[in-house]
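Survey of secondary and tertiary structure
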Amino acid sequence: MDAFVIHGGRRLSGRVRVGGSKNASLPLMAAALLTDEPVVLEGVPRLADISNMRRLLDELGCRASDEPGAHGAMRLTLHSHDESVSAARYDIVRTMRASICVLGPLLARRGQARVSMPGGCAIGDRPVDLHLRGLRALGAEISLDSGDILARKPRSGRLKGARIFLGGPYGPTVLGTANVMSAAALADGETIIESAACEPEVADLASMLSAMGAQISGAGSPRITIRGVRELHGARHTVIPDRIEAGTYLIAGAITRGRITVENCPIDHLMAVADQLEGIGVRLRIGEGAGNGVRASVTVECESRVKPTQVTTQPHPGFPTDLQAQMMSLLCLADGNSVITERIYPQRFLHVPELARMGATLFHQGPTVVVSGVRELVGAPVMASDLRASASLVLAGLAAKGKTTVLRVYHLDRGYERMEERLAAMGAQIERVDEKELAGVPAGAASGGD
Ligand code: EPU
């Protein structure tokens, strides 16, 4: 297993280019199962989760081939050539919860699907009841068998359009909306999804499905209308930039009191984050690409201690849960007390004890953490426990005095492409090492994958 060794305290300067969105790419890849024609995706990031999804699609008779595309990103061609297998095995599903997004496409196109029920993970329980409720409303017959979800088209034939409410106790569901929208694209008649997730990744999927011949309106808003068609065809689509990767680099610029330019930054997808950063004294300048806020260059600059604030995570366009941990690292160094409340995953705080090991003062109760800003963080060996928690520890390490060792960075590799190289190119002192080479680092016990 790899670890990062970081010698903190260097101001970052330079440029970093944001890659294609992981969370957009995964349902887009799954949507290739909806047609027997090739689907070409431009700008797919080279990440462990993408490789896992390729492996899963390959087992489902959907072949993937890649070649270099623009800016070194991957152009991925997916071709569903054998539609005889409709079962997604547990040993792949357990490596990546997003495997659930093959459920809707398999059901709609192949008439049946068997997908292992994903388990909980480091950030919480993560049920899929809303996915199943939505597919049932389309007429699917759903049962559980030995830990697998079995879904079948109704005996009467095609799935049938319906009005479906997809809100849950923590708001709408992103992948649930993707699943139901993908299935409804091939259903008979009109489907209206109420309380649909408004995340940009859902709108990106709708845009590709439309290019494949689907009839969808309202994606990106809480009501999506889908008029089912009999068949979808191949398409070419460019994945939106990764708003979470972009937000992480904006915070990296701020936490190191640096001055960096984040290129290909989807600033329109980061309004709540930009608002928070500007509110605490971080300067953001939107340069080239302005007017097309999905791909702008944003220069971030921060010369002094940030001010404290209150952050509450919410569904889009609110502050994203996927940047809560990174924002917490920044607020650990604020000039006063901040309050962070997690409303999407109330247990997503595994980074709290690790930040405390670095000298942060944090009071955690229920879904809220009070962060009492300190003058400096101090380097320490810390354990990454999930993807975004890992990113927050790297950011804290960049700002901390002395040496920080972030163990188990395989979590980070699931969502950030060559993060250490990009940070090093902006002046960070960070290197990837094999954990076995490290001396004096306690073999801590952290929870498993997300
Ligand atoms: N929920 C239910 N029932 C369901 C589905 C979800 O109660 O059937 C709850 C969840 O437990 C959670 C809330 O609803 O409390 C929202 O979950 P959602 O379904 O929206 O999450 P997801 O679609 O499984 C995606 C991202 C996550 C991101 C969330 C929220 C992908 C592959 N994953 O997950 O990304 O945190 O939306 O924005 O798109 C990450 O990238 O680090 C990550 C965890």
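Please refer to the structure higher up on the page.
Residues numbered from 1 in each chain as written. Predicted model: local features only at pLDDT ≥ 70, side-chain atom pairs only at ≥ 80, totals over all residues. Heavy atoms only, no water.

Let us look at the pattern of salt bridges. Under the definition given, this model contains 33 salt bridges. Asp91 is the salt-bridge partner of Arg89, the closest N and O atoms lying 2.6 Å from each other. Among the ionic pairs, Lys436 bridges to Asp434, the shortest N-O distance being 4.0 Å. Its relative accessible area of 24% is what places Asp434 among the partly exposed residues. (Salt bridge = Lys/Arg side-chain N within 4 Å of Asp/Glu carboxyl O. Buried < 20%, exposed > 50% of the residue type's maximum accessible area, 1.4 Å probe, protein only.)

Right, let's talk about helix α4 (residues 103-110) for a bit. Burial within α4 is extensive, with eight of its eight residues counted as buried. Every buried residue of α4 is accounted for by Leu103, Gly104, Pro105, Leu106, Leu107, Ala108, Arg109 and Arg110. Taken together, the buried residues of α4 touch α1 (22-30), β5 (74-80), β7 (112-116), α5 (129-137), β9 (148-152) and α6 (174-184). (Helix = DSSP H or I, 4+ residues; strand = E, 2+ residues; numbered from the N terminus. Contact = heavy atoms within 4.5 Å.)

Attention now moves to the site of the ligand. With respect to spatial proximity, 22 residues lie near the ligand, and among them Asp129, Leu130, Thr173, Asp322 and Ile344 are the closest. Within the side chain of Arg126, an N or O atom sits 3.1 Å from an oxygen atom of the ligand. A distance of 2.7 Å separates an oxygen atom of the ligand from a polar atom in the side chain of Asp322. Per-element tally for the shell around the ligand: the top contributor is α5, with three residues. When grouped by side-chain class, the residues that make up the shell around the ligand number 12 nonpolar, four polar and six charged. (Near = heavy atom within 4 Å. Polar contact = N/O pair within 3.5 Å; in protein donor to acceptor, adjacent residues only side chain to side chain. Nonpolar A, V, L, I, M, F, W, Y, C, P; charged D, E, K, R; others polar.)

Quick look at the side chain of Glu301 now. Relative to the helices and strands, Glu301 is located in strand β19 (residues 296-301). Here Glu301 falls in the buried class, since its relative accessible area comes to 14%. Leave out the neighbours within four places in its chain, and Glu301 touches Gly258, Arg259, Val282, Arg283 and Arg285.

Packing of helix α10 (residues 324-331) against helix α12 (residues 387-399) brings their axes to within 7 Å, and their N-to-C directions diverge by 20 degrees. It follows that α10 is roughly parallel to α12 by the angle criterion. You can see that α10 and α12 cross each other, and the crossing is right-handed. Between α10 and α12, the contacting residues are Ala325, Gln326 and Ser329 on the first element and Arg388, Ala389, Ala391, Ser392, Leu395 and Ala396 on the second. Each residue belonging to the contact of α10 with α12 can be placed in one class, and the counts come to five nonpolar, three polar and one charged. (Axes fitted to C-alpha atoms, helices over the stretch in contact; angles between N-to-C directions. Parallel < 35°, antiparallel > 145°, perpendicular 65-115°, else oblique. Left-handed = near helix turned anticlockwise from the far one by under 90°.)

Where a protein is soluble and globular, its nonpolar side chains tend to be buried together. Counting 75 residues, the largest nonpolar core has Leu41, Met53, Val102, Leu103, Leu135, Met181 and Leu209 as the members making the most contacts within it. Not counting the four nearest positions on each side in its chain, Val102 is found in contact with Ala30, Leu33, Met53, Leu56, Leu57, Leu60, Ala88, Val115 and Asn179. Membership of the second largest hydrophobic core comes to 71 residues, among which are Leu284, Met328, Leu333 and Leu387. (Core = buried A, V, L, I, M, F, W, Y, C linked by side-chain atoms within 4.5 Å.)

Okay, the sheet that holds β7 next. Sheet architecture is open: four strands sit in the order β6-β7-β9-β8, paired in mixed fashion. Every interior strand has two partners, whereas the edge strands, β6 (87-88) and β8 (141-145), have only one. Pairing of β6 with β7 involves two bridges; the strand directions are parallel. Bridged to Ala87 within β7 is Arg114. Against the sheet, α4 contacts β7 and β9, and its axis sits at roughly 160 degrees relative to β7. (Pairing = 2+ DSSP bridges.)

A few words on the pairing of strand β25 (residues 403-407). Burial runs high along β25: four of the five residues are buried. One ladder, built from four bridges, connects strand β1 (residues 2-7) with β25; its direction is antiparallel. Note on β25: the bridge partner recorded for Ile6 is Thr404. Read as a crossover between parallel neighbours, the route from strand β24 (residues 381-383) over α12 to β25 is right-handed. (Right-handed = clockwise from strand over helix to strand, strands pointing away.)

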